[in-house]
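A look at the structure
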Amino acid sequence: MPSYCTEDIRNITLVGHTGSGKTTLVEALLSKAGKIGEPGTIERGTTTTDHDPLEKEFQHSLDSAIASFDHDGIHVNLIDTAGFPDFRGPTLTGMAATETTAVVINGHSGIELSTRRLMRRAKRRRLCRIIVVTKIDQAEGGVKQLVQQIREEFGPECLPINLPAENFTTVKDCFYGTEGDTDIFSLSEAHEAIIDQVVEVNEDLMEKYLEGEKLSRDELHEAFEQALREGHLVPICFTSATTGAGLGEFLRFCKRLLPNPIEGNPPPILKGEGKAAKKVKVKPDPDGHVVAHVFKISNDPFVGKLSIFRIYQGTVLPDTQLYIGDARKPFKTGHLFKIQGGKHEEVDAGIPGDICAVAKVDEIYYDAILHDSHDEDSFHLKPMDFPQPMYGLAIQPKTRGQEQKLAQAISKLTEEDPCFQVEHNQELNETIIRGLGELHMRVMLQRMQTRYHVEVDTRPPRIAYRETITRAAEGHYRHKKQTGGAGQFGEVFLRVRPRKRGNGFEFINKVVGGSIPTNLIPAVEKGVRQIIEEGAIAGYQMQDLEVTVYDGKFHPVDSKEIAFVIAARNALLDAIRNAGPQILEPIVSVDVTVPDSVMGDVTGNLAGRRARISGTESLSGGLVTVVADMPLSSLSDYHTELKSMTQGQGSFTMEFSHYDPVPHAVQLELESAFKKSDED
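Rules of the game
Residues numbered from 1 in each chain as written. Predicted model: local features only at pLDDT ≥ 70, side-chain atom pairs only at ≥ 80, totals over all residues. Heavy atoms only, no water. Pairing = 2+ DSSP bridges. Helix = DSSP H or I, 4+ residues; strand = E, 2+ residues; numbered from the N terminus. Axes fitted to C-alpha atoms, helices over the stretch in contact; angles between N-to-C directions. Buried < 20%, exposed > 50% of the residue type's maximum accessible area, 1.4 Å probe, protein only. Phe/Tyr/Trp six-rings, centres within 6.5 Å; stacked < 30°, edge-to-face > 60°. Contact = heavy atoms within 4.5 Å. Salt bridge = Lys/Arg side-chain N within 4 Å of Asp/Glu carboxyl O.

1. Structural notes on the sheet that holds strand 26 (residues 473-481)
Spatially, the 4 strands line up as an open sheet ordered 26-27-29-28, and their pairing is mixed. Looking along the sheet, the strands with just one partner apiece sit at the ends: strand 26 and strand 28 (505-509). On average, each strand axis in the sheet is tilted by 25 degrees relative to the strand beside it, whichever way the strands run. When strand 26 meets strand 27 (residues 488-498), the two strands line up antiparallel, connected through 9 bridges.

Spelled out as C-alpha cells, the structure:
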C-alpha cells in the first residue's frame, strides 16, 4: 500500500496559454520536492513532462503529461497540459481528473486569450480554481497591474494568497501572515481582503470575525475550502521557476489549503443513458467497490497501450479483476503503474483519489468506467463539452498497400485525443481526418510517420456544410412496383418542420389505425434517416428538423420493408422541396495575433473573407489580437497568406462556433455542383 492516504492527495491540472511556464514550473516543483535532481530545461529537451520527441523538437507541450511527488506528508499529482488551443482535447480530459485547476499566467506577458477560455471551462466544470503567476522575476514591475487586470477580467473573487517581496526574490503568505513588507501591496490589507472574502461563505464565522474574535486555523481552512468549491474565491499565488521564488510557499499552500479528493467537488457520475440517466454518489472509500475513470490513453512504443485512470472509489491491486463499462468479461490488472512523464513506476496499490495506469489492455477505451462489480454497470461521467474539430484533411497512403497500416495508425491516434477524429466519405471514397487547427494536423501527420512509419498524401476535403429547412411542409410518395410475381407497395405521408438551431433531428411516429403496420415503421424511419445523412439538395447531412409520419397505406402481400424505405425517402424529398431548404456553413471563432503595424491590412483581409470582427485587444510587445467570426471555407489558404502579410509574425487560432446560412449565390453553386455530380 502507498505511504499516503486519500486525505494526503492533491490533484492539480496546470493549464494556460502556450509559453506561460507550466512545464518549467512542474520541473522546478519536482526538483524542490526532491523527486528529481537539477531541473531539466525545455531548450535541452530534458524536462520530465515534455518527453515526446516531437515536443522536444517543437520545444512546446503537445499533449498532457503526468508527474507526481511526495512532499512534507502530501502526495501531489500534477497534470501538465499543452498551451496551444489545437491540443485542447487532452487539456480538458486532464482537468476532468483533478479537483483543482491551476491557471498559469506569465507575469511578463499577462492575460492571454487561452487564459480566458480555460478559466471559463474550469468554472463550468465546478473545479476549484487558482491562478499561478509565473516568471515574476521577469515582470519588470508589472505584477501589480497584472493583479488588477486579473480582478477586472475574472472578478473580485480573485485575490492574492501570497505576495512577492524583497525585489521579487521571495514570496510572503498573506492568508495566515499579517506582518512584513511586499513589493506590490500592503500585506495586512491583502490579508484582510482575503479573510473577508473567505468568511462570507459561513454566517457563523463571519459573525465571529466581525465581533473581533480570533479565528482558528481549522475554521479558516474549512471556510477556505468551501469558498474554493463554490467559486467564491480564486487565490492568486506568485512563483519564479528560475530563481525558486514562491516554490516552497506554493507547496505549503498545496498542503494547507488545496482540497484533497474528499473535499473537492466530485464530477457528475451518472447511471443509465439519455434522459433516464440519474446521478449517483461515489464515495472515496478504500473498502468500497472500485469505480475508476479512464481519462487518458497513451500508446507507448515500449510499454504498449497505457490506460491512465483516476480512482474515485475502492482500492485497485495488481490482481484486481475489473470490468470495462458494461462488458461481461473482466480483465486482471496485472502490473499497476504510477506515471512520471515518459516513465512508469510500478506500485502495489491505487487508492481513492489517486491516478494510476495499466498497460496492454487493448479493450480499454477513453472515458470508460472501470469497476469490480456489476452494481456499477452503466456508470459513466457526464460527457465533456469538447471543441468541435473542423479543420480537416483528406488523406491517402503514399505507397499502395499501406491502407491497413494507415487505418491502425489513425485508430491509435484517435484513442489518444478526443478532438482528433476520422471519417470516411463513402460517396467520394476519401478518408478525412479532422482536428482543431493546422498545427494539430501537422503534429498528427508527423506522429503517423515517426511512430507508425506511414506517409500520406493530403489535400483539402469538402467543407462540412449542413442542410436544413426554414418552414413547415408536407410530403407524400407512393411506391408501386410490379415485377410479375410479388410486387412492392408502400405509401407514406409525412410532415417536416424546422427546429431551433443546434437541436438536431427528431423522428416522430403519429400513425394511428394501422394505416402503416407497426412492424414497418422502422423501415419508414430508415428511409428518412438515409436522406438526413445523404442530404436533399446538395449532398450534405441535414440537421435541425423534425419529421413526423402521420399516415400511409400498405398492401397485405406486396408491402415490404424496401417499399417503405423508398416511399419514406421520396416523401421526405417532396416535403423538403416545399420547406425552404437552406444550406448552412460552419462558422469558426478566430483569434488573429499580429504586429499592430499591420492590423489594418489584416482586418481588411478578414473583411474580404466574410469575417465579422467583434473586437481587438492590445498585447505586450507591440502585438494586437483581432477577434472575429468567419466561415470555415474562407480559411483554406489563410495560414499562408497571414504569414506573408506579417513576415511570418502572425498566428491565429480557431474554434467552432455555430452554423449560419450560406449566401444565396453560394447555395446555388453548391446545389448545381451536386446535380452535376449526380448526372455524371
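2. Structural notes on the pairing of strand 23 (residues 430-435)
Most of strand 23 is tucked away: 5 of the 6 residues are buried. Sheet topology places strand 21 (residues 391-397) next to strand 23; 5 bridges connect them, and they run antiparallel. What sits directly across from A394, in strand 23, is I432. Across 5 bridges, the pairing between strand 22 (residues 421-425) and strand 23 is antiparallel. Bridging across to strand 23, Q421 finds its partner in R434.

3. Observations regarding the packing of aromatic side chains
Per the counting criterion, the structure on display carries 10 aromatic pairs. Look at F84 and F87: their rings are 6.4 Å apart centre to centre, the planes differ by 70 degrees, and that puts the pair in the edge-to-face class. Their ring planes at 70 degrees and their centres at 5.1 Å tell us that F175 and F224 sit as a pair that is edge-to-face. A residue pair is termed long-range when its members are at least 10 positions apart, and F175 in the loop between strand 8 (170-173) and helix 6 (187-199) and F224 in helix 8 (residues 217-229) qualify at 49 residues. You can call F224 buried: its relative accessible area is 0%.

4. Quick notes on the sheet that holds strand 22
Taken in spatial order, the 4 strands line up as 22-23-21-24 in an open sheet, and their pairing is antiparallel. At either end of the open sheet lies a strand with only one pairing partner, and these are strand 22 and strand 24 (456-459). Neighbouring strand axes in the sheet, compared pairwise and without regard to direction, differ in orientation by 35 degrees on average. Its contacts with the sheet put helix 10 (residues 403-416) on strand 21, strand 22, strand 23 and strand 24, and the angle it makes with strand 21 is roughly 150 degrees.

5. Observations concerning the pattern of salt bridges
If you walk through the whole model with that rule in mind, you get 30 salt bridges. Here D385 makes a salt bridge to R121, at a shortest N to O gap of 4.0 Å. In this pair, D385 is assigned in the loop between strand 20 (379-381) and strand 21 and R121 in helix 4 (residues 113-124), connecting sequence segments 264 residues apart. R442 is the salt-bridge partner of E438, the closest N and O atoms lying 3.1 Å from each other. You can see E438 and its partner R442 sitting in helix 11 (residues 438-452), 4 residues apart, about one turn around the helix. Residue E438 is classed as partly exposed on the basis of its relative accessible area of 22%. With a relative accessible area of 37%, R442 lands in the partly exposed category. Residues participating in the shared-partner salt-bridge network are D52, E416 and R451.

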